Amino acid sequence: MTHTMEMLGKTKVSVKDESVVDVGEPKIKYCPLFDKVRGIKEITPEAAAANMEFRIEKHGMFSPRRRLEMDTFVGFGASESMMTGILHGLIDAAVTACDGAGTVITANAQLVQGMGGYISGLAETDPIPEVLEGIKQRGGHVLSPADTKIDQFEGAKWAVANGFVKFAVTVADADTAERLRDLE
């Protein structure tokens, strides 16, 4: 199983068997958030690898130990905004992505935060049965559990077909955002 995420300075990091196996070059050298929260003064491949190892160890990312519920991490992130929107009735669901599951649709605010609180740019992931089951137990729907594809447009179509009207969708590219606008 291999999982890939862009994180910490848009650094491409690949994980296999709960270990970092490949790290690219960061495109950004400094981030005030990571400086404040983790004390990272310069974003390097080594810093990105260490941060991924922290996420694996402390939050179970890319593992059967994946934490699927958590408190607010920052006050302005996508998962925090979607969680708040669900809790206050502004939206009725979120279409997001989770390592070990791919695209997930849920109305569970705590699940949205748990899945998204430590994800950056999830590019690809393989199925992790414990994660898939944990999401299901918390009322989440995994779009494609067999291959854990990340397809936010198809996730939005599933949400519409299943009665959701006001929902947020995380996207990583402008083309998907445009397709979602057309779907709206």
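The sections below set out a description of the structure shown in this document. (Residues numbered from 1 in each chain as written. Predicted model: local features only at pLDDT ≥ 70, side-chain atom pairs only at ≥ 80, totals over all residues. Heavy atoms only, no water.)

### Remarks on the layout of surface pockets
Turning to step 1, where the next piece is worked out: Here the largest pocket defines a volume of roughly 1,100 Å³.
Turning to step 2, where the next piece is worked out: Lining the largest pocket are 44 residues, with E6, I119, S120, G121 and L122 sitting closest to its centre.
Turning to step 3, where the next piece is worked out: At the level of secondary structure, the elements contributing two or more residues to the lining of the largest pocket comprise β1 (2–7), α1 (32–38), α2 (45–59), α3 (78–87), β4 (93–98), β6 (121–124), α6 (152–161) and α7 (174–183).
Turning to step 4, where the next piece is worked out: In the lining of the largest pocket, the residues fall into 23 nonpolar, 12 polar and 9 charged.
Turning to step 5, where the next piece is worked out: Of the voids in this model, the second largest pocket is the one considered here, and its volume is about 300 Å³.
Turning to step 6, where the next piece is worked out: Lining the second largest pocket are 13 residues, with F167, V169, L180, R181 and E184 positioned closest to its centre.
Turning to step 7, where the next piece is worked out: For the lining of the second largest pocket, the element with the highest residue contribution is α7, accounting for 5 residues.
Turning to step 8, where the next piece is worked out: Looking at the lining of the second largest pocket residue by residue, the class counts come to 9 nonpolar, no polar and 4 charged. (1 Å grid on protein atoms, 1.4 Å probe; cavity = no way out; pocket = protein on both sides within 12 Å on 5 of 7 lines; lining within 4 Å. Points joined across faces, edges and corners; volume = space filled by probe spheres on them. Helix = DSSP H or I, 4+ residues; strand = E, 2+ residues; numbered from the N terminus. Nonpolar A, V, L, I, M, F, W, Y, C, P; charged D, E, K, R; others polar.)

### Overview of the sheet that holds strand β5 (residues 102–106)
Turning to step 1, where the next piece is worked out: The mixed open sheet is built from 4 strands, whose spatial order is β7-β5-β4-β8. Either end of the sheet is taken by a strand with one partner, and the two such strands are β7 (141–142) and β8 (167–169).
Turning to step 2, where the next piece is worked out: Pairing of β4 with β5 involves 5 bridges; the strand directions are antiparallel. When the bridges of β5 are listed, C98 appears paired with G102.
Turning to step 3, where the next piece is worked out: With respect to the sheet, α3 is in contact with β4, β5 and β8, its orientation differing from that of β4 by roughly 150°.
Turning to step 4, where the next piece is worked out: The strands that α6 touches are β4, β5, β7 and β8; relative to β4, the one it contacts most, it runs at about 145°. (Pairing = 2+ DSSP bridges. Contact = heavy atoms within 4.5 Å. Axes fitted to C-alpha atoms, helices over the stretch in contact; angles between N-to-C directions.)

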